[in-house]
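One letter stands for each residue in the lines below.
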Amino acid sequence: TGDRSTGILAPATQLQFVDKCIAAVEAKGMDEEGVYRLSGVASKSEKLMKVMIDKGKLNDKVNLLDSEWEVKTITSTLKNFFRNREALLTYKLYPEFLAAAKEVSPNDRFRAVHKCVTTMPPFNQKILGVLMRHLARVSKSADVNKMHASNIGVVFGPTLMRPLEESVAGIMDIKYQNIVIEMMVEKCAEIFSEQTPTSPTGTLPHSVSHPALRRAAPTAPGHPAPVAPSHAAPAAAVPAAAPAAPAAVAPTHAPPLAPTSAAPPPPAAA
């Protein structure tokens, strides 16, 4: 029953749902103390999920900037979306991510986590990148919202990374789950390039247009302009080892994530 709310949704609908929740949080909740850490009322979160997803499709008529939907309700709904499905970091890669988190050297840990991300299924990579770029922006307001990368790791670690079967050993691994997400937030620019692979159903834009959000966003206190996740992919960079390419790779056919030039160099040549 764990996949009842998301397993039947098409990849495009899943991404639209995540984008719409993120847009609302960034429009009215970035300065809210404990954003994502504080949970909303369960019944309200369940109601929001039901009204947002209508017959397997996103209901664009829902205005998340309406006062009916508190930030806590929206963030709880988004967290539940990721809980009620297979772990986004996948059960198959759980041992690899766990081993990466246990690396002693920060550089080795970074490289190992980055490598795990590049081996994720393309759509999982895509939606994880959208979420992590958002959470990195949340952490930049930590002086106000108190959500540093470490706190975000505590909230999202067990949500995004978990074993197929719960066990005592799995409970002991929670701190490593937190470490993986904390690193993804702190090293977001290095781990997640703006150019991401296409989904199994074709190209899915990171930033989905939500007319209701765009109309209402200017009234949100402290945020004069509509805030929506900015995921426009720049022209693909030519790998350092290859000669200059005659044209940039089209963003709609980007390869799986690979370490970008912004990543800290390893201690020795690869």
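In the block above lies the structure referred to throughout.
As the structure is a prediction and not an experimental result, all values here were calculated from the model.

The rules we used
- Residues numbered from 1 in each chain as written.
- Predicted model: local features only at pLDDT ≥ 70, side-chain atom pairs only at ≥ 80, totals over all residues.
- Heavy atoms only, no water.
- Buried < 20%, exposed > 50% of the residue type's maximum accessible area, 1.4 Å probe, protein only.
- Helix = DSSP H or I, 4+ residues; strand = E, 2+ residues; numbered from the N terminus.
- Contact = heavy atoms within 4.5 Å.
- Phe/Tyr/Trp six-rings, centres within 6.5 Å; stacked < 30°, edge-to-face > 60°.
- Lys NZ or Arg CZ within 6 Å of the ring centre and 35° of its normal.

Peer 1: For this particular structure, what's the right way to read helix 8 (residues 149-160)?
Peer 2: Within an α-helix, residues lying three or four positions from one another point in the same direction, as the helix has 3.6 residues per turn. Looking only at helix 8, the buried set comprises Ala149, Ile152, Gly153, Val155, Phe156, Gly157, Thr159 and Leu160. Where helix 8 is buried, its residues touch helix 3 (71-83), helix 6 (122-139) and helix 10 (174-186).

Peer 1: Is there a simple way to explain the packing of aromatic side chains in this structure?
Peer 2: Tallied over the entire structure, the rule returns three aromatic pairs. A ring pair is formed by Phe81 and Phe82, whose centres lie 5.0 Å apart and whose planes are at 80°; its orientation type is edge-to-face. Here Phe81 matches Phe82 in class, with each residue buried. Taken together, the ring pairs connect Phe17, Phe81 and Phe82 into an aromatic cluster. Against the face of Tyr176 rests Lys102, its NZ or CZ located 5.1 Å from the ring centre.

Peer 1: Would you take a moment to explain unusual backbone geometry for this structure?
Peer 2: Leave glycine aside and you will find that most residues have negative phi; peptide bonds, for their part, are mostly trans. Not every positive phi belongs to a glycine, and Tyr36 is a case in point at roughly 80°. With respect to the element layout, Tyr36 can be found in the loop between helix 1 (11-28) and helix 2 (42-52). The class for Tyr36 is buried, based on a relative accessible area of 2%. Even without glycine at this site, Lys55 takes up a positive phi of about 55°. Summarising the element assignment, Lys55 is placed in the loop between strand 1 (53-54) and strand 2 (57-58). Owing to a relative accessible area of 82%, Lys55 belongs among the exposed residues under this scheme.

Spatial relationships are all this shows, so hold off on functional conclusions.
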